[in-house]
Amino acid sequence: MSEQLEELKDLSNKSARSTIAVIDAMTQRGAFKGEELSTIGTLRDQCIQVVSICEQLQQEEAMESDEE
C-alpha cells in the first residue's frame, strides 16, 4: 500500500500543478466569464493546498531519511 500512496501523492502533486498552470494561462487569455471566476478561483486555491500538502510531506520524509 505504501507504493500506491507514493503514486497517489506524486500524481496529486503533478495534477494540481498542471491545473494551476492551465487556470493561469486561461485567465490571462480571458477564457472565463465573470460568473465562473469564483468557481475557478476556488479550484485554483484547492490545487494550491494540494501542492502545499505534498511539499510538506516531502520535507517530512526528507527529514526522516536524514535522521536515519
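Here's what I pulled together on the structure shown here.

Conventions we followed
- Residues numbered from 1 in each chain as written.
- Predicted model: local features only at pLDDT ≥ 70, side-chain atom pairs only at ≥ 80, totals over all residues.
- Heavy atoms only, no water.
- Salt bridge = Lys/Arg side-chain N within 4 Å of Asp/Glu carboxyl O.
- Helix = DSSP H or I, 4+ residues; strand = E, 2+ residues; numbered from the N terminus.
- Buried < 20%, exposed > 50% of the residue type's maximum accessible area, 1.4 Å probe, protein only.
- Contact = heavy atoms within 4.5 Å.
- Patch = residues over 30% accessible without salt bridge, like charges linked within 9 Å, V, L, I, M, F, W, Y side chains within 5 Å.
- Areas by Shrake-Rupley, 256 points an atom, 1.4 Å probe, with all protein chains shown as cover.
- Lys, Arg positive; Asp, Glu negative; His and termini not counted.
- Charge placed at Lys NZ, Arg CZ, Asp CG, Glu CD.

1. Quick notes on the pattern of salt bridges
Working step 1: Tallied over the full model, the rule gives 5 salt bridges.
Working step 2: Notably, a salt bridge pairs E55 with R17, separated by 2.6 Å at the nearest N-O pair. With E55 in helix α2 (residues 37-67) and R17 in helix α1 (residues 2-28), the pair connects residues that are 38 residues apart, well separated along the chain.
Working step 3: A relative accessible area of 41% places R17 in the partly exposed class.
Working step 4: D24 serves as the salt-bridge partner of R44, at 2.6 Å between the closest nitrogen and oxygen.

2. Some remarks on the side chain of N13
Working step 1: Mapped onto the secondary structure, N13 falls in helix α1.
Working step 2: Its relative accessible area of 10% is what places N13 among the buried residues.
Working step 3: Beyond its immediate chain neighbours, meaning those up to four positions away, N13 contacts V51, C54 and Q58.

3. Overview of a negative patch on the surface
Working step 1: The grouping of E60, E64, D66, E67 and E68 at the surface amounts to a negative patch.
Working step 2: As for its placement among the helices and strands, E64 is situated in helix α2.

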